[in-house]
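Working through the structure, step by step
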Amino acid sequence: MLLLCHRFSSQVSRIPRVLLVRSMSTSELPQSSIPLFTTIASYREWRQKAFDERKSVGFVATMGALHDGHLSLVQRSLAENDLTVVSIFVNPAQFAPHEDLSTYPRTLPGDLSLLTAQQVSVPDADLTRTPSAVFLPSVHEMYPSGISQDTTVQRGTFVEVKGYDHQMEGASRPTFFRGVATVVTKLFNAIQPTNTYFGQKDIQQALLLRRLCKDLLLSHPTPDRLHILPTTRDPNDGLALSSRNAYLTPSQRAVAPVLFAALQAAESAWRRGETAERCIKEAMIVIDEIKTHPAAEDVDAKLDYIQMNDAESFDIIEGSLRADATGQNPVILSGALRLGKTRLIDNIVLGDLHRAV
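The paragraphs below set out a description of the structure included in this document. From a predicted model like this one, the values you see are computed outputs, not experimental measurements. For every chain, the first residue of the written sequence is number 1, and numbering continues from 1 onward in sequence order. The predicted origin of the model limits local features to residues at a pLDDT of at least 70 and limits the giving and counting of side-chain atom pairs to 80 or more, whereas totals for whole chains, interfaces and linings rest on all residues. Based on all heavy atoms of the structure, the side-chain values leave hydrogens and waters out of the count.

**Some remarks on the packing of helix α6 (residues 176–191) against helix α7 (residues 203–215)**
Going by this rule: To get an axis, fit a line to the C-alpha atoms, keeping to the stretch in contact for a helix; angles then go from 0 to 180 degrees between the N-to-C directions. A helix here means a DSSP run of H or I that spans at least four residues, while a strand means a run of E at least two residues long, and both kinds are numbered starting from the N terminus. For classification purposes, an angle smaller than 35 degrees is called roughly parallel, one larger than 145 roughly antiparallel, one from 65 to 115 roughly perpendicular, and anything else oblique. Throughout, a crossing is termed right-handed when the near helix is turned clockwise from the far one, and left-handed when it is turned anticlockwise from it by less than a right angle. Any two residues whose heavy atoms approach within 4.5 Å are treated as being in contact.
The geometry of α6 relative to α7 is characterised by a closest axis approach of 10 Å and an angle of 50° between their N-to-C directions. As far as their axial angle goes, α7 and α6 are oblique. Crossing hand, α6 versus α7: right-handed. Taking contact as the criterion, the partners of F176, F177, V180, A181, V184, T185 and F188 in α6 are, on α7, Q204, Q205, L208, L209, L212 and C213.

This is the structure:
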């Protein structure tokens, strides 16, 4: 799906750089055996039938460019629900004006092919489940009042999770979680899932959305029905799978696993009883090894952050604290690394994630 940028000069909007895409007609969509819905009205008609038949609906929200991480969420949904819905929507509200909205990978035909191949056998019911529907809304469908990447000129209704969106990723991307909370609230309202599935790679996002479900008293899904699944990694070097990995040059890809290695070093120190300060230093030693990596000469690498944060408040763990002094809340050990223009994130959760939120 291509995003077209229109500048409204009329008095109708007065919002510069408003993004608007009409809904695709059936004839414009790639061929697919899975029902495709481009409007909320058509999807809701399908969803009402599922309500009437008392069928559970699992939901996986994506921005497309699907990989094995997304597919693991789909597989889990297929195993646990009568029906499974996948949304593909590149959300402009979570991209700052300088970020990669226009170049974000859009691979709809390939995505639909991957989804068509997904299936899970349910022995007790003697049936095989496959994805039931794909929701492909336009920008106008999701933002009927219009949307600009510039938050200072946005008009309409937006959702914020106050006090929990400025730490960690929020410090580097100050408008990101506002955009995520807004679009996911809209998607939950449209899809009305029984269960929904997110990956641990975006741990702060997933925990914020669980809190959103709690604070907004959502029934579809309830907070306990928002499931956070382990990060899917490259089996050879542990790199967290991400759609943005496609941006990496061969040299950058060779260096990329250093972020996870650094987090593992910090994890080992934490489990030995070291202080948070010492754990971060252990991680930084590994990050510094980028300089001696054989591919480093061709890579512009810049560490954004490595932190240890309380999974409930997202507050930074004080440098002198050790594992036995942090209470029952899990600790999020996370980091972000820029390789050229590509920004990679990763994390390790220390403790029981179910205790968070």
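**So, the packing of helix α9 (residues 258–271) against helix α10 (residues 276–288)**
Put simply, the test is: Polar here means any residue outside two lists: the nonpolar Ala, Val, Leu, Ile, Met, Phe, Trp, Tyr, Cys and Pro, and the charged Asp, Glu, Lys and Arg; Gly therefore counts as polar.
Where α9 meets α10, the axes come as close as 8 Å, and the angle between the chain directions of the two elements is 150°. One finds that α9 runs roughly antiparallel with respect to α10. In this structure, α9 meets α10 at a crossing whose hand is right-handed. On α10, the residues that touch V258, L259, A261, A262, A265, A266, A269 and W270 of α9 are A276, C279, E282, A283, V286 and I287. Across the contact of α9 with α10, the residue classes break down as 13 nonpolar, no polar and 1 charged.

**Section: the layout of surface pockets**
The condition that has to hold: Cavities and pockets were defined on a 1 Å grid built over protein atoms only: a cavity is a set of grid points that admits a 1.4 Å probe from which the probe cannot escape, a pocket is an open set flanked by protein on both sides within 12 Å along at least five of seven lines, and lining residues are those with an atom within 4 Å of any such point. Grid points are joined across faces, edges and corners, and a volume is the space filled by probe spheres set on the points.
The calculated volume of the second largest pocket comes to roughly 260 Å³. Forming the boundary of the second largest pocket are 13 residues, of which R210, I228, L229, L353 and H354 lie nearest the centre. Element by element, the count of residues in the lining of the second largest pocket is highest for strand β10 (residues 226–229), at 4 residues.

**Observations concerning the sheet that holds strand β13 (residues 342–350)**
Here is the rule we go by: Strands are labelled as partners when DSSP assigns at least two bridges between them.
If you walk across this open sheet you meet the 3 strands as β11-β12-β13, and the pairing is antiparallel. A single partner strand is all that each edge strand has here, and the edge strands are β11 (301–310) and β13. Strand-to-strand twist of the sheet, defined as the mean angle between neighbouring strand axes without regard to direction, takes the value 15°.

**A short note on helix α3 (residues 108–116)**
To be explicit about the condition: Relative accessible area decides the class of each residue, using a 1.4 Å probe on protein chains only: under 20% of the type maximum gives buried, over 50% gives exposed, and in between gives partly exposed. The arc in question is traced by the directions running from the helix axis to the C-beta atoms.
Every buried residue belonging to α3 is among L108, D111, L112 and L115, and all of these are buried. Projected down its long axis, α3 shows its buried positions confined to an angular sector of 95°, all on one face. Buried-residue contacts for α3 involve β3 (36–37), α2 (68–80), β5 (83–88) and β8 (133–135).

**So, the packing of aromatic side chains**
The line we're drawing: Aromatic rings from Phe, Tyr and Trp, with only the six-membered ring used for Trp, were paired whenever their centres fell within 6.5 Å, and each pair was classed as stacked if the ring planes differed by under 30 degrees, edge-to-face if by over 60, and tilted otherwise. Note on geometry: a ring has a charge over it if NZ (lysine) or CZ (arginine) is within 6 Å of the ring centre and within 35 degrees of the ring normal.
The final tally for this structure, using the stated rule, is 8 aromatic pairs. The interplanar angle of 85° and the centroid separation of 6.0 Å between the aromatic rings of F37 and Y43 together place this pair among those described as edge-to-face. Given the relative accessible area of 12%, F37 is considered buried. A residue is classified by how much of its surface remains accessible, and Y43, at 0% relative accessible area, is buried. Between F59 and F188 the ring centres are 6.4 Å apart and the planes differ by 75°, which places this aromatic pair in the edge-to-face class. Taken together, the residues F59 in strand β4 (residues 57–62) and F188 in helix α6 connect sequence positions 129 residues apart. You can call F59 buried: its relative accessible area is 0%. Feature note: the residues F37, Y43, W46 and F135 constitute an aromatic cluster, connected by ring pairs. Across the ring face of Y164, the terminal group of R211 is positioned such that the distance to the ring centre comes to 4.0 Å. Positioned over the ring face of F260 is R233, at 3.6 Å from the centre of the ring.

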